Amino acid sequence: MKPTHQGSEKSPLSYRVRVGHVSVNPITVQIEAAPAELERLAETWKVLAVRSLTSEIQITRWKKDGVRIKGHVKAEVEQACVVTLEPVASKIDETFEQIFVPEGSKLARVMLSDTAEMVLDPEGPDAPEVFVGDTIDAGEVIAEAVALAIDPYPRKKDIEFEGHIEDDASGPDARPSPFAALKDWKKQD
């Protein structure tokens, strides 16, 4: 099986896999993002730059009509420090796994308990994703794994937030405590 590599409108990183060509014997694919893909990923993730992104994935048939994509991704991302706005480099090294089932598959139904409540196990596997048509974009799976690993509040090493106006009870910008009016309330009896 040879997955087709085509551009995707959804994800800046695209590696399309034809479901009909996936067998029970896993195939391993090496993927490295091209410079143009790295630029689009940086724009999508709102980071200063994505310096590199490489992944090794295994694609295999899952149950009768599903597909399992699991792998490992490494990326180097540059973000702005939330304190100084200076560039902060970070390395991402993540494993991931996603199962896909065709639209209408019984395996895609949400499991409900006897009380009709949705059963979710935070430590368990993710619910299968549904795909439409005959292709799955493995690039989206890889990009999502990296996006979830990006630090939402990057800081340069040894940089801390300094005091805030809210921290200081003195000065011209000081606000009275909302509890100040209540401190003598009980004494009025």
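Residues numbered from 1 in each chain as written. Predicted model: local features only at pLDDT ≥ 70, side-chain atom pairs only at ≥ 80, totals over all residues. Heavy atoms only, no water.

(A) Fine view of the overall build of the protein chain. In terms of regular secondary structure, the protein chain is built from two helices and seven strands. Tracing the protein chain from N to C terminus, the helices and strands come up as β-β-α-β-β-β-β-β-α. The buried share among the 189 residues of the protein chain stands at 31%. Taking contacts inside the protein chain between residues at least 6 apart in sequence as the whole, the part at least 24 apart equals 63%. (Helix = DSSP H or I, 4+ residues; strand = E, 2+ residues; numbered from the N terminus. Buried < 20%, exposed > 50% of the residue type's maximum accessible area, 1.4 Å probe, protein only. Contact = heavy atoms within 4.5 Å.)

(B) Structural view of the sheet that holds strand S3 (residues 49–62). An order of S2-S3-S4-S5-S6 is seen for the five strands of this open sheet, with the pairing classed as mixed. Each edge of the open sheet is held by one strand with a lone partner, namely strand S2 (27–32) and strand S6 (129–131). With strand direction ignored, the average angle separating the axes of adjacent strands in the sheet is 25 degrees. The sheet contact formed by strand S5 (residues 87–102) and S6 spans three bridges and is parallel. Of the residues in S6, the one forming a bridge with proline 102 is phenylalanine 131. Contacting S2 and S3, helix H1 (residues 35–45) crosses the sheet at an angle of about 95 degrees to S3. (Pairing = 2+ DSSP bridges. Axes fitted to C-alpha atoms, helices over the stretch in contact; angles between N-to-C directions.)

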